[in-house]
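Letter by letter, the chains look like this.
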Amino acid sequence: MRGEREVVLDELAKSAVVREWTRGVVADDATPSLTLLLAASCHLWVARERSGSVCARCAPTPEQRQDPVALGMADSLLRAVAEREPEWVQPWSDLFIVALGLGTDRGHMRHLFDEVVRREPEHLPVHVQYLQQLGTPHGGSDDDMHAFAYGAMTHAPEGSSLGVLIPHAHLESLRTAGYQGKGYLRNPLVARQLHHAADRSVRHPDYRRGPEWVWVHNVFAMSFYLTGQLPAAREMFRALDGRYTRSPWQGMPGKPLRAHRRARHRSGVWW
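First things first, this report covers the structure right here in the doc. (Residues numbered from 1 in each chain as written. Predicted model: local features only at pLDDT ≥ 70, side-chain atom pairs only at ≥ 80, totals over all residues. Heavy atoms only, no water.)

For the coordinates displayed, the defined rule picks out 10 salt bridges. Note that R118 is salt-bridged to E115, the shortest N-O span being 3.4 Å. In this pair, R118 and E115 are both assigned in helix α6 (residues 106–119), 3 residues apart and thus about one turn of the helix distant. Taking relative accessible area as the criterion, E115 reaches 17% and is therefore assigned buried. One salt bridge in this structure joins D199 and R203, with 3.0 Å as the shortest N-O distance. With relative accessibility at 41%, the residue D199 sits in the partly exposed group. It is possible to trace a salt-bridge network through shared partners that takes in E115, R118 and R119. (Salt bridge = Lys/Arg side-chain N within 4 Å of Asp/Glu carboxyl O. Helix = DSSP H or I, 4+ residues; strand = E, 2+ residues; numbered from the N terminus. Buried < 20%, exposed > 50% of the residue type's maximum accessible area, 1.4 Å probe, protein only.)

On to helix α12 (residues 230–240), then. When we look at burial in α12, the residues that qualify are A232, A233, M236, F237 and L240. Down the axis of α12, the smallest arc covering the buried residues is 135 degrees, so these residues share one side. Along its buried surface, α12 packs onto α10 (188–200), α11 (213–226), α13 (246–249) and α14 (256–266). Count one or two residues on from α12 and you reach D241, which has phi positive near 55 degrees. (Arc of directions from axis to C-beta. Contact = heavy atoms within 4.5 Å.)

Negative phi characterises most residues that are not glycine, and trans characterises most peptide bonds. For the bond from S247 to P248, the omega torsion is 15 degrees, close enough to zero to count as cis. Its identity as a non-glycine residue notwithstanding, D241 has a phi of 55 degrees, on the positive side. Its place among the elements puts D241 in the loop between α12 and α13. A relative accessible area of 48% places D241 in the partly exposed class.

As enumerated under the stated definition, the model contains 6 aromatic pairs in all. Taking the centre distance of 4.7 Å and the plane angle of 20 degrees together, the rings of F113 and Y130 count as stacked. You can see F113 sitting in helix α6 and its partner Y130 sitting in helix α7 (residues 124–133), a full 17 residues away along the chain. Judged by relative accessible area, Y130 falls into the buried class, the value being 5%. Note on F113 and F148: the rings are 5.6 Å apart at their centroids and 70 degrees apart in plane angle, and the pair reads as edge-to-face. One end of the pair, F113, is in helix α6; the other, F148, is in helix α8 (residues 142–155), with 35 residues separating them in the sequence. F148 matches F113 in its accessibility class, with the two residues each being buried. Joined through ring pairs, the aromatic side chains of F96, F113, Y130 and F148 make up one cluster. (Phe/Tyr/Trp six-rings, centres within 6.5 Å; stacked < 30°, edge-to-face > 60°.)

Attention now moves to the nonpolar core. One recurring pattern in soluble globular proteins: nonpolar side chains tend to sit buried together. Counting 83 residues, the largest nonpolar core has F96, L165, V216, F220, F224, L226 and F237 as its most contacted members. Per-element accounting of this core gives the leading share, 11 residues, to α11. Leave out the neighbours within four places in its chain, and L165 touches H127, V128, L131, F148, A149 and A152. (Core = buried A, V, L, I, M, F, W, Y, C linked by side-chain atoms within 4.5 Å.)

Written out as structure tokens, the structure reads:
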């Protein structure tokens, strides 16, 4: 999962005041590494905002062209930090985001992914983004995407948040097929895989809530709801206690928050 430093810097980058303060930061010897990381986070936020892709977990679609100038500035700052601080994970996870925005070839994406997980094996956002790159919309296949999700989950310790990759991969497949084609989810194998993933992650005694836990539970809640596993969906909604993330609900018909509330109510949770 992501470290506290990554979470804090990402939150700071949302501030217009911070972005203005870091706009002139350059990678010289006098600038602290943390300042360079913060400036790079600001450039990445600007690139996502200008493309309309403000979801930090989501890989940009081919239609979402990110600002190459902002991405280039982030890239130079991140490479300077990666050279100075070889064991820090964030320069590599952010370089992965830069490569996504620039449409880098899959071989280089795999190299960056490997650099991240060598330093932080359970880094959830980079696993999610790499999984999306393996899917059909990005020139891959559903088989590759699901194989990656299963491999990542089973190689992680029980209780790891990486179990969410299983329902996330099914939602990606459903999104590709179209949300009206819900026959995909009628396959009993899908429900069994969802329960197996939940048992290895959010329902496991060793599971600990990390920075992405609300999104993780929303993904499980939506997946269980769409497969008709209402008791399991109810369990997830009760754990959330009303908390909501726009992803993954933005793929449902209508407004995301309304889709979330409808699913929660139909699962028997009214608060």
